[in-house]
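Report on the structure
Each chain, letter by letter, is given below.
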Amino acid sequence: MPDPEDRAVSASSPVREISAEGEGAPEPGLALCLSGGGYRAMVFHVGVLWRLNEAGYLRRLARVSSVSGGSITAGVLGLKWDRLAFDGAGVAKAFQAEVVDPIRGLAGRTIDAGAILGGTLLPGVTVADRVESAYRKHLFGDATLQALPETPRFVLNATNVQTGALWRFSRPYMADYRVGRVLAPTLPLARAVAASSAFPPVLSPVEVDLQADDWETPPGRGVDLRREPFTTEIVLSDGGVYDNLGLETAWKRYDTVLVSDAGGKMQPEPEPERDWARHVLRILEIIDNQVRSLRKRQVIEAFKRGERKGAYWGIRTNVGDYALTDALPCPFDRTTELANTPTRLARLEAAHQERLINWGYAVCDAALRRHVDRTVKRPLGFPYAGAGV
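Taking 1.5 Å per residue as the helical rise, helix H12 (residues 350-372) with its 23 residues ought to reach 33 Å, and the 32 Å between its terminal C-alpha atoms agrees with that figure. The buried fraction of H12 amounts to 17 of the 23 residues, a majority that puts the element mostly inside the structure.

Spelled out as structure tokens, the structure:
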């Protein structure tokens, strides 16, 4: 018979098959998941948000769950939420000025190379410190997690390297189900986004220092690692290490989930390296690719079985698969080229940004009109009409 503590930990764990029976039926509500993928994901998701806003769906969100590059976009959206000026139809009139423009500004700068160089050469400064500094300078300033809105709930996800579990940053609390939670955290928003986007091995880890008495155990939950150094020296990596779709914190809560996937894809390797270091990296890449593929299949199958409402769309999707006669024109060879944008925090040309935004906008539109709401009207065209995809 399982130990009572093991049962308590298992019950509170976010790690379970997404379609499994669990803690009761999901509650009514709309959640959006934004995947990782560096600047590629950050910019692609801008197009997704643009289309959701025009369709009146941005204002309906109850939760935004994100990882990695998606957390950069989500962090800006959350910080600027109260300035978006929603009209009576639920459309944010200040969306482009408050969200699109600053994200595009960052996308025009390379920050990973300088962070790696500075974090390697400068004493007392880590790569994570340099990335956080760039986020602070260009996007978030001195804002903390308390600058996020109460509604919708923004959850920026990282991976706790110590516990192997999901780490959640949000306004009400930071949490790891095996350690507990820290209420009303005042951690800089730039630090939280840096942790969520700490792509290994070069941008990882990000360390967060806390006090042992900062923690509480959630009511009715069991924890098994409520002790130092798990409570005082938190070592975090990219949220995509644990869940590249940012799915867990949304799927188990709400009955309608929109999943935007701008993740990368493992490429074939005809002559894989044989030395132990590079061979290990290749094996880890294969494991990561399999986990991502499995999660994607679970999501799509759960939608087909009616276990959740909503839709999945990906940067590698063929828009023709939605069988819409009036989908925006997106030739598959052109969108595949966009999907192969490297997973980096490296400068993207303005035209490339516009094509990525257009593609995110178009595929979100197709999924929304095909699987979520047939009453949504076809858009007049791309956000950047002259760029196409």
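Here we take up helix H11 (residues 332-339). Of all the residues in H11, the buried ones are Thr-335, Leu-338 and Ala-339. Considered in projection along H11, the buried side chains sweep an arc of 105° and stay on one side of the axis. In this structure, the buried side of H11 is in contact with helix H2 (38-54) and H12.

For the rest of this paragraph, the subject is the pattern of salt bridges. This structure, assessed with the given rule, holds 23 salt bridges. With a closest N to O distance of 2.5 Å, Glu-216 and Arg-181 form a salt bridge. A residue pair is termed long-range when its members are at least 10 positions apart, and Glu-216 in strand E8 (residues 215-216) and Arg-181 in strand E6 (residues 180-183) qualify at 35 residues. Residue Arg-347 pairs with Glu-349 through a salt bridge whose shortest N-O separation is 2.8 Å. Classification of Arg-347 by relative accessible area gives partly exposed; the value is 46%. Among the charged side chains, a salt-bridge network with shared partners connects Arg-51, Glu-54, Asp-326, Asp-365 and Arg-369.

Moving on, we come to the side chain of Asp-243. Topologically, Asp-243 is positioned in helix H8 (residues 240-243). Reaching out from Asp-243, the side chain makes a polar contact with the backbone nitrogen of Leu-247 at a distance of 2.6 Å. Setting aside residues up to four positions removed in sequence, Asp-243 forms contacts with Val-67, Glu-248 and Arg-295.

Interaxial distance between H2 and helix H4 (residues 95-107) falls to 10 Å at its minimum, and their mutual angle equals 165°. Classified by the interaxial angle, the pair formed by H2 and H4 is roughly antiparallel. As for the relative orientation of H2 and H4, their crossing is left-handed in sense. Together, Tyr-39, Met-42, Val-43, Val-46, Leu-49, Trp-50 and Asn-53 of H2 and Phe-95, Gln-96, Val-100, Ile-103, Leu-106 and Ala-107 of H4 make up the contact between the two elements.

The subject of this paragraph is a nonpolar patch on the surface. Where nonpolar side chains cluster on the molecular surface, the patch consists of Leu-117, Leu-121 and Leu-122 and spans about 310 Å² of accessible area. Mapped onto the secondary structure, Leu-121 falls in helix H5 (residues 112-121). Take Leu-121: its relative accessible area is 59%, and that puts it in the exposed class.

Tyr-135, Phe-140, Trp-167, Phe-169, Trp-313 and Trp-359 are the most contacted members of the largest nonpolar core, which has 97 residues in total. Membership of the second largest hydrophobic core comes to 13 residues, among which are Leu-245, Ala-250, Trp-251 and Val-259.

Generally, phi is negative for residues other than glycine and the peptide bonds are trans, each holding for most cases. The omega torsion across Thr-151 and Pro-152 is 0°, close enough to zero to call that bond cis. With respect to the secondary-structure elements, Pro-152 resides in the loop between helix H6 (127-140) and strand E3 (153-160). A cis geometry characterises the amide bond from Glu-228 onward to Pro-229, with omega recorded as 0°. Structurally, Pro-229 is set in the loop between E8 and strand E9 (233-238). Positive phi, normally seen in glycine, also occurs at Ser-68, with a value near 50°. Mapping Ser-68 onto the fold places it in the loop between strand E2 (61-67) and helix H3 (69-80).

Moving on: the packing of aromatic side chains. In total, this model carries 8 aromatic pairs according to the counting rule given. Through a chain of ring-to-ring contacts, the aromatic side chains of Trp-50, Phe-95 and Tyr-384 assemble into a single cluster. Note that Arg-60 overlies the ring of Tyr-57, its terminal NZ or CZ placed 4.1 Å from the centroid. One residue, Arg-104, lies across the ring of Tyr-384, its end atom 5.1 Å from the ring centre.

The topology assignment puts Ser-197 in the loop between helix H7 (189-196) and strand E7 (206-209). Setting aside residues up to four positions removed in sequence, Ser-197 forms contacts with Ser-68, Gly-69, Tyr-135, Leu-203 and Asp-238.

Quick notes on the rules
Residues numbered from 1 in each chain as written. Predicted model: local features only at pLDDT ≥ 70, side-chain atom pairs only at ≥ 80, totals over all residues. Heavy atoms only, no water. Helix = DSSP H or I, 4+ residues; strand = E, 2+ residues; numbered from the N terminus. Expected span 1.5 Å × (residues − 1). Buried < 20%, exposed > 50% of the residue type's maximum accessible area, 1.4 Å probe, protein only. Arc of directions from axis to C-beta. Contact = heavy atoms within 4.5 Å. Salt bridge = Lys/Arg side-chain N within 4 Å of Asp/Glu carboxyl O. Polar contact = N/O pair within 3.5 Å; in protein donor to acceptor, adjacent residues only side chain to side chain. Axes fitted to C-alpha atoms, helices over the stretch in contact; angles between N-to-C directions. Parallel < 35°, antiparallel > 145°, perpendicular 65-115°, else oblique. Left-handed = near helix turned anticlockwise from the far one by under 90°. Patch = residues over 30% accessible without salt bridge, like charges linked within 9 Å, V, L, I, M, F, W, Y side chains within 5 Å. Areas by Shrake-Rupley, 256 points an atom, 1.4 Å probe, with all protein chains shown as cover. Core = buried A, V, L, I, M, F, W, Y, C linked by side-chain atoms within 4.5 Å. Phe/Tyr/Trp six-rings, centres within 6.5 Å; stacked < 30°, edge-to-face > 60°. Lys NZ or Arg CZ within 6 Å of the ring centre and 35° of its normal.

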